[in-house]
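Okay, here's what each chain looks like letter by letter:
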Amino acid sequence: MKGETEDEFRIERPKSSVRMMDKERKYENTLVTILFFSWGTVFLDRMSQHYLAPYFAPEFRLTHEQIGLLASVLAITWALSTLVFGALSDRIGRRPILIPAVFAFSLLSWLSGVVHNFNEMLIVRALLGVAEGPAWSIMTALIEESSHPTRRGRNIGIVVSATALVGLAVAPVLTTQVAARFGWRWAFFVAGVPGFLLGLLIWKFVKEPERKTNLSLHGRPVGFGDFFSILRYRNTWLCCAGAAGFVSWLFLLNVFAPLYITEVAHQEPTTAGFLLGASGLGSFFYALLFPTLSDRMGRRPILLVMAAMCTLVPLALLISPLYAHPWALAAIVLLMNPGQGIAALILVLVPTESVSPQFAATAIGLATLAGEIFGATLMPMFAGALSQRYGLAVTLWMSAGGTVLLFLAALLLKETAMARRGQAVVESATAV
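Predicted, not measured: the structure shown is a model, and the values here were computed from it. (Residues numbered from 1 in each chain as written. Predicted model: local features only at pLDDT ≥ 70, side-chain atom pairs only at ≥ 80, totals over all residues. Heavy atoms only, no water.)

Things to note about the overall build of the protein chain
Looking only at helices and strands, one finds 14 helices and two strands in the protein chain. When the 432 residues of the protein chain are sorted by exposure, 59% land in the buried category. Counting only contacts in the protein chain whose residues sit at least 6 apart along the sequence, the fraction spanning at least 24 positions is 86%. Counting only carbon and sulfur atoms, one obtains 69% of the accessible surface of the protein chain, whose full area is about 17,300 Å². (Helix = DSSP H or I, 4+ residues; strand = E, 2+ residues; numbered from the N terminus. Buried < 20%, exposed > 50% of the residue type's maximum accessible area, 1.4 Å probe, protein only. Contact = heavy atoms within 4.5 Å. Areas by Shrake-Rupley, 256 points an atom, 1.4 Å probe, with all protein chains shown as cover.)

Dropping the structure here:
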């Protein structure tokens, strides 16, 4: 039976069972669609401050260190919120936390457009991190729980790809174009609009998943101490290390590349938006491809390939002659950026496949916590301070170092995809 899929067992099942499968797959596709746009909106609101920094930084007279601090404070509140509310959702359910969070972060994006100084911006973005943090662990846990095991990689890849399409491709172009024409405050307002609509769609169409396995552990209720059991797995620690490297690459690139392109390469902010948008577009397409391939080929080899490719993106931006040919530079960063495929594997699939199903959102939250604290909190502050002394180029070299760390962590990972796929085949064969 090895290698057989869900569809190959359909002909052996009663018609009622086939109809139930069709209904479940239809809901699965609906869920993926809604959460794709919802997650894209989360990253649109989060990343907008980086692309708008060349506009509001002169108004508030911000240093590079203060810009890094804005990214860091959002990251630390996001990280803590992801772990705490992710673990809470493992106990009380996904909807009661996710729906209020979506409306809250949309409102806070609007409030980002009415601040008058650095301190106000710092407070609002910190609160935005609290509101957005639960969205990551809960949305990805919803997909993992609601997908057939043979489609987990594909579905997680689709949802996570919204980070690239909306947050890294559309966001830099949209926000810089709105800011250039109407001012940076209007760009924050525009970024906050879609969340309110998507919050209503989640409330209307997204169901609380049946998570019977989450109610008990070895025949007894899950206790608080049981959540620490995920630390017994080697993959948990390696995912934390890999997440730290990946998130460092991601945020150092997106926080400081716009400043490097405008201040060192002497390009317009719209050019920075164009180049980062091209990079994000490549990440979107690769996020659809690589996680799906990992369902068949394994998580570890795909992670190694993606880490090697991503290392080239910040290095390409350091090559000055390429700015004379922006379309060529855009093509390079587009073809070399499978970043969100990495997020699907190192932050979601490998952590959840390595631990008991009862702790899916907790495992996602822990890997994300490590990535956010190290990669999105400490590294932007450290890089911002170094850039004041050694120049902005050092931040892009540090970004490339992040994916080198990810590559080393991936080398030591225990493969999870093949074992989970074998389990899926057994479940399909024995289902009635």
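Structure shown, so let's carry the discussion forward.
Concerning the pattern of salt bridges
Enumeration according to the criterion identifies five salt bridges in this entry. Here arginine 299 ties to aspartate 295 by a salt bridge, and the two come within 2.9 Å at their closest N and O atoms. Per residue, the accessibility class of arginine 299 equals that of aspartate 295, and both read buried. Each of Asp295, Arg299 and Glu353 takes part in one network of salt bridges that share partners. (Salt bridge = Lys/Arg side-chain N within 4 Å of Asp/Glu carboxyl O.)

Section: the packing of helix 7 (residues 234-264) against helix 8 (residues 269-297)
Any two packed helices are characterised by the angle at which their axes cross and by the distance between the axes. Contact geometry for helix 7 and helix 8: axes closest at 8 Å, N-to-C directions at 135°. Judged by the angle between their axes, helix 7 and helix 8 are oblique. Handedness of the crossing formed by helix 7 with helix 8: right-handed. Residue-level contacts link Asn254, Ala257, Pro258, Ile261 and Thr262 of helix 7 to Pro269, Ala272, Leu275 and Leu276 of helix 8. (Axes fitted to C-alpha atoms, helices over the stretch in contact; angles between N-to-C directions. Parallel < 35°, antiparallel > 145°, perpendicular 65-115°, else oblique. Left-handed = near helix turned anticlockwise from the far one by under 90°.)

Remarks on the packing of aromatic side chains
Summed over all chains, the structure comprises 18 aromatic pairs. Ring centres of phenylalanine 56 and phenylalanine 188 lie 6.5 Å apart, and the angle between their planes is 35°; on these two criteria the pair is classed as tilted. In this pair, phenylalanine 56 sits in helix 1 (residues 15-60) while phenylalanine 188 sits in helix 6 (residues 184-205), placing the two residues 132 residues apart along the sequence. The residues phenylalanine 56 and phenylalanine 188 share a single accessibility class, namely buried. Ring pairs connect the aromatic residues Phe36, Phe37, Phe284 and Phe285, which therefore count as one cluster. Its end group placed over the ring of tyrosine 27, lysine 207 keeps NZ or CZ at 4.3 Å from the ring centre. (Phe/Tyr/Trp six-rings, centres within 6.5 Å; stacked < 30°, edge-to-face > 60°. Lys NZ or Arg CZ within 6 Å of the ring centre and 35° of its normal.)

Notes on the side chain of threonine 403
Locating threonine 403 in the fold gives a position in helix 13 (residues 393-411). By relative accessible area, which is 0% here, threonine 403 ends up buried. For threonine 403, the side chain forms a polar contact with the main-chain oxygen of alanine 400, separated by 3.0 Å. Apart from residues no more than four positions distant in its own chain, threonine 403 is found in contact with Gly245, Trp249, Ala307, Cys310 and Thr311. (Polar contact = N/O pair within 3.5 Å; in protein donor to acceptor, adjacent residues only side chain to side chain.)

Quick look at the state of the cysteines
Scanning the model with the defined rule gives zero disulfides in all. With no disulfide of its own, cysteine 240 lies closest to cysteine 239 among cysteine sulfurs, the gap being 7.2 Å. The exposure class of cysteine 240 is buried, given its relative accessible area of 13%. (Disulfide = S-S within 2.5 Å.)

Digging into helix 12 (residues 360-390)
With 31 residues, helix 12 should reach 45 Å at 1.5 Å per residue; the first-to-last C-alpha distance of 42 Å fits that figure. Positive backbone phi, approximately 100°, marks glycine 391, located one or two places after helix 12. (Expected span 1.5 Å × (residues − 1).)

Thoughts on the side chain of arginine 94
With respect to the element layout, arginine 94 can be found in the loop between helix 2 (64-92) and helix 3 (95-112). In this structure the side chain of arginine 94 is engaged in a polar contact, spanning 2.7 Å, whose partner is the side chain of serine 89.

Points about a nonpolar patch on the surface
A cluster of nonpolar side chains, contributed by Leu107, Trp110, Leu111, Val114 and Val193, occupies part of the molecular surface with about 410 Å² of accessible area. Looking at the nonpolar patch, the element that brings in the most residues is helix 3, giving three residues. One can find valine 193 in helix 6. (Patch = residues over 30% accessible without salt bridge, like charges linked within 9 Å, V, L, I, M, F, W, Y side chains within 5 Å.)

Some points on the environment of histidine 64
Within the secondary structure layout, histidine 64 lies in helix 2. For the pair histidine 64 and leucine 259, spaced 195 residues apart in sequence, the C-alpha to C-alpha distance is 8.7 Å. Apart from the residues within four sequence positions on either side, histidine 64 is in contact with Phe256, Leu259, Glu263, Gly384, Ser387, Gln388 and Leu392.

Regarding the environment of valine 206
Along the chain, valine 206 turns up in the loop between helix 6 and strand 1 (216-217). The spatial distance from the C-alpha of valine 206 to the C-alpha of glutamate 28 is 9.9 Å, given a sequence separation of 178 residues.

Remarks on the nonpolar core
Ranked by internal contacts, the top residues of the largest apolar core, which has 120 residues, are Trp39, Phe56, Met139, Trp184, Ile202, Phe246 and Leu347. The element that contributes the greatest number of residues to this core is helix 1, accounting for 17 residues. With residues up to four places along the chain from it excluded, the contact list for phenylalanine 56 reads Gln49, Leu62, Leu70, Met121, Trp184 and Phe188. Counting eight residues, the second largest nonpolar core, distinct from the first, contains Ala79, Cys240, Phe359 and Leu366. (Core = buried A, V, L, I, M, F, W, Y, C linked by side-chain atoms within 4.5 Å.)

Side note on the confidence of the model for the protein chain
Here the protein chain shows a mean pLDDT of 83. Residues at 70 or above account for 88%. Taken element by element, the protein chain is modelled with least confidence in helix 14 (residues 417-430), mean pLDDT 46, and with most confidence in helix 13, mean pLDDT 96. Contacts for the low-pLDDT stretch residues 1-5, under 50 throughout, to residues beyond four places or in other chains number 11 contacts. Throughout residues 419-432 the model reports pLDDT below 50, and contacts reaching past four residues in sequence, or to other chains, amount to 27 contacts. (pLDDT = per-residue confidence, 0-100.)

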